[in-house]
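These are the residues of each chain, in order.
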Amino acid sequence: MQFLSKIVLKKFINEEISSIGFDSNYLSEGVKKHLFLSIKIFNLTPVQINILKQTALSLGCDCACHKNVINCSIDYSNCILSGSIKQIQEIAKKLEKQPFSLSKLANELLNHIEIEKKTKKSKIMGILNLTPDSFSDGGEFLALDKAMNHAIDMIEQGADVIDIGAQSTRPGADLVSVSFEIEKIIPIVTALKTAYPKIELSVDTMSLACTEASIEAGCDIINDVSFLNNPEFARICAKNNKKLVIMHSRGDSKTMDSLTHYESLVDDIYKELDSKIKTALEIGLKKESLIIDPGFGFAKSIEQNFTLLNRIGEFKSLDCSILAGVSRKRFLQDVINTKEPKDADIQTLLAASYLIQNQIDYIRIHNVELCNQALLFNQRLNNQLL
C-alpha cells in the first residue's frame, strides 16, 4: 500500500482539521493539541526546573535545561519548555499547586498562550525628517511647505502614522538645540493635526521640552530614542494619555558603534527592554500605551541587525506593540554594497514584507508607497489563503 502525506503549516491547522470532518463542537479545543509552542524561561533554580521537567514529562512533552541541573551543581539555568498549547495549559494548571513560586510561572505560561493567539495588522509609519543631516534625506524637508507636502504625499500613499523628527540619530551626528527642534516640529504637528485629525502623529525626540510642546500641539506618540534614559518621558506620556516608543540603544550617536558586544544578542535586548517596560509601568504608563523598538542600527553590527530582524517575533512575548525601523539602514545597504541609502529601497521592501508577515505593529519607513504595496500584497495573500 502506498501512502501520501504532507506537512501542515501551523497557520492553517485550524482550517485543515476542520476540513477532515473533525467535530466542529470540539474544534477550538482540538486545535490546541496540534499547535506547539517553545517557551524560554530565564534563571530558574535546579529545584524549580526539576519540578517543571517532571511535570512536562508526565504530560508527554519536555523541558530542556543545563546538563548539571539534574545533580544541582549549578545555581541557575535557563530552560526551554516545549509542547502543544493543550499540554502547556495542563502544565500551568499543575504548577499552580507547586511551591517555589511556580504558581507565578503558571500565569506567565498562560499569558504566552494568549499572546500567541493575537493577530495584528501592521501600520505604516512614514518618516518625516526635518533635519539638516539625517543619513537618508537630511535637508530635503527643512522648509515648512516642503515638509507639509511630503507628509501629505505619505498620507495619500497609505501612511497610518507620520513620525516627525528634527534631530538626526545617525552614528556620529551632532546634537541640535532644543529650540531648533521645537521651531521645526511644532508648526508641522499643528498643521497636520488640523488637516488630518485621524492620522496618528509621532514625534522623534530626546528632549523633554520638545516632548511637552509636541503633546500640547496634538501629537499622539512620543518616540524616545534615548531608551528611556530619563523616566520623565514615561511620566509625561502617562499624564497626558499618550503612547510612548521605547527604543533599545546603547551610548549615543558618537559611541554606539563601539557598544555592539552582547553575551546573547536577542536575550540581552529582550531583558533590557523588559526592564524599561517595568520602569514605565511603575510610573503609571499603561501597557497598551507602550510600543517597543529593538533599535535596528543602534549599537548593532551588520550581522546583528540581520539576526534581530530574523528573530523579531520573539519580542511579542513582552506583550507590547512593536515598532521596527529598518528603512534604508546600513545593514540593508550592505547587501548590495552601496553607501547610498536610497539605493536600498528594494531591500527595505523585502525587510518590510517580512515584518508584515510577522505581524509587527508599526513599520517605520521612508518609501511609504512601496511599503503599502507590500502590505496590500500580504493582505491579499492572507485573504485568499484563509
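These numbers were taken from a predicted model, which means no experiment stands behind them.

Our focus in this paragraph is the packing of helix 10 (residues 265-283) against helix 11 (residues 302-310). Packing of helix 10 against helix 11 leaves a shortest axis separation of 10 Å and a crossing angle of 70°. Compared by their axis directions, helix 10 and helix 11 come out roughly perpendicular. The segment helix 10 lies against helix 11, with Leu265, Val266 and Ile269 engaging Gln304, Thr307 and Leu308. Looking at the contact of helix 10 with helix 11 residue by residue, the classes come out as 4 nonpolar, 2 polar and no charged.

Taken in spatial order, the 8 strands of this closed barrel run 4-5-6-7-8-9-10-11, and their pairing is parallel. Each strand of the sheet is rotated relative to its neighbour by a mean of 25°, with strand direction disregarded. Relative to strand 7 (residues 221-224), strand 6 (residues 200-205) runs parallel, the two being bridged by 4 bridges. Counterpart to Val203 in the pairing with strand 7 is Ile222. Together, strand 6, strand 7 and strand 8 (243-247) form the strand contacts of helix 9 (residues 232-240), whose direction differs from that of strand 8 by roughly 160°.

For the rest of this paragraph, the subject is unusual backbone geometry. The backbone of Leu228 shows a phi angle near 50°, a positive value even though the residue is not glycine. For Leu228, the position within the fold is in the loop between strand 7 and helix 9. Look at Leu228 and you get buried, because its relative accessible area is 2%.

Mapped onto the fold, Leu201 is located in strand 6. Residue Leu201 is classed as buried on the basis of its relative accessible area, which comes to 1%. Setting aside its immediate chain neighbours within four residues, Leu201 contacts Ile162, Val189, Leu192, Lys193, Cys219, Asp220 and Ile221.

Together, Ile20, Phe22 and Tyr26 make up a nonpolar patch on the protein surface, roughly 300 Å² of accessible area in all. As for its position among the elements, Ile20 is in the loop between helix 1 (13-19) and helix 2 (27-32).

For the rest of this paragraph, the subject is the sheet that holds strand 3 (residues 77-84). Judged by pairing direction, the sheet is antiparallel, and its 3 strands sit side by side in the order 1-3-2 without closing on themselves. Edge positions in the sheet fall to strand 1 (36-44) and strand 2 (62-65), since each of these pairs with one other strand and no more. Looking at each pair of strands side by side, their axes are set apart by 20° on average, direction ignored. Of the strand pairs in this sheet, strand 1 and strand 3 are connected by 7 bridges, and their pairing is antiparallel. Bridge assignment links Lys40 to a residue of strand 3, and that residue is Ile80. Its contacts with the sheet put helix 3 (residues 46-58) on strand 1, strand 2 and strand 3, and the angle it makes with strand 2 is roughly 150°.

Time to look at the pattern of salt bridges. By the definition in use, this model includes 21 salt bridges. A salt bridge links Glu116 to Lys10; its shortest N-O distance comes to 2.7 Å. Highlighted residues: Glu116 in helix 5 (residues 102-117) and Lys10 in the segment before helix 1, separated in sequence by 106 residues. Linking Asp257 and Arg330 is a salt bridge whose minimum nitrogen-to-oxygen distance equals 3.1 Å. Of this pair, Asp257 sits in the loop between strand 8 and helix 10 while Arg330 sits in helix 12 (residues 330-333), placing them 73 residues apart in sequence.

The subject of this paragraph is the pairing of strand 8. In terms of burial, strand 8 is a largely internal element, 4 of the 5 residues being buried. Two elements, strand 7 and strand 8, share 4 bridges in a ladder whose sense is parallel. Within the sheet, the bridge partner assigned to Ile221 lies in strand 8 and is Lys243. Crossover strand 7 to strand 8 through helix 9 is right-handed. Alignment of strand 8 against strand 9 (residues 290-293), held across 4 bridges, turns out to be parallel. Considered in strand 9, the bridge of Met247 is made with Asp293. In this view, the connection linking strand 8 to its parallel neighbour strand 9 by way of helix 10 has right-handed handedness.

With that out of the way, let us pick up the side chain of Thr55. Its place among the elements puts Thr55 in helix 3. What makes Thr55 buried here is its relative accessible area of 8%. When neighbours within four sequence positions are excluded, Thr55 is seen to be in contact with Ile91, Lys94 and Leu95.

Moving on to the packing of helix 6 (residues 144-156) against helix 7 (residues 178-195). Relative orientation and spacing of two packed helices are given, respectively, by the angle between their axes and the distance between those axes. At a minimum axis distance of 10 Å, the contact between helix 6 and helix 7 shows a crossing angle of 40°. The orientation of helix 6 relative to helix 7 falls into the category oblique. Of the two possible hands of crossing, helix 6 and helix 7 adopt the one that is right-handed. Of the residues in helix 7, those touching helix 6 at Leu144, Ala147, Met148, Ala151 and Ile155 are Pro187, Ile188, Ala191, Leu192 and Ala195.

Quick notes on the rules
- Residues numbered from 1 in each chain as written.
- Predicted model: local features only at pLDDT ≥ 70, side-chain atom pairs only at ≥ 80, totals over all residues.
- Heavy atoms only, no water.
- Axes fitted to C-alpha atoms, helices over the stretch in contact; angles between N-to-C directions.
- Helix = DSSP H or I, 4+ residues; strand = E, 2+ residues; numbered from the N terminus.
- Parallel < 35°, antiparallel > 145°, perpendicular 65-115°, else oblique.
- Contact = heavy atoms within 4.5 Å.
- Nonpolar A, V, L, I, M, F, W, Y, C, P; charged D, E, K, R; others polar.
- Pairing = 2+ DSSP bridges.
- Buried < 20%, exposed > 50% of the residue type's maximum accessible area, 1.4 Å probe, protein only.
- Patch = residues over 30% accessible without salt bridge, like charges linked within 9 Å, V, L, I, M, F, W, Y side chains within 5 Å.
- Areas by Shrake-Rupley, 256 points an atom, 1.4 Å probe, with all protein chains shown as cover.
- Salt bridge = Lys/Arg side-chain N within 4 Å of Asp/Glu carboxyl O.
- Right-handed = clockwise from strand over helix to strand, strands pointing away.
- Left-handed = near helix turned anticlockwise from the far one by under 90°.

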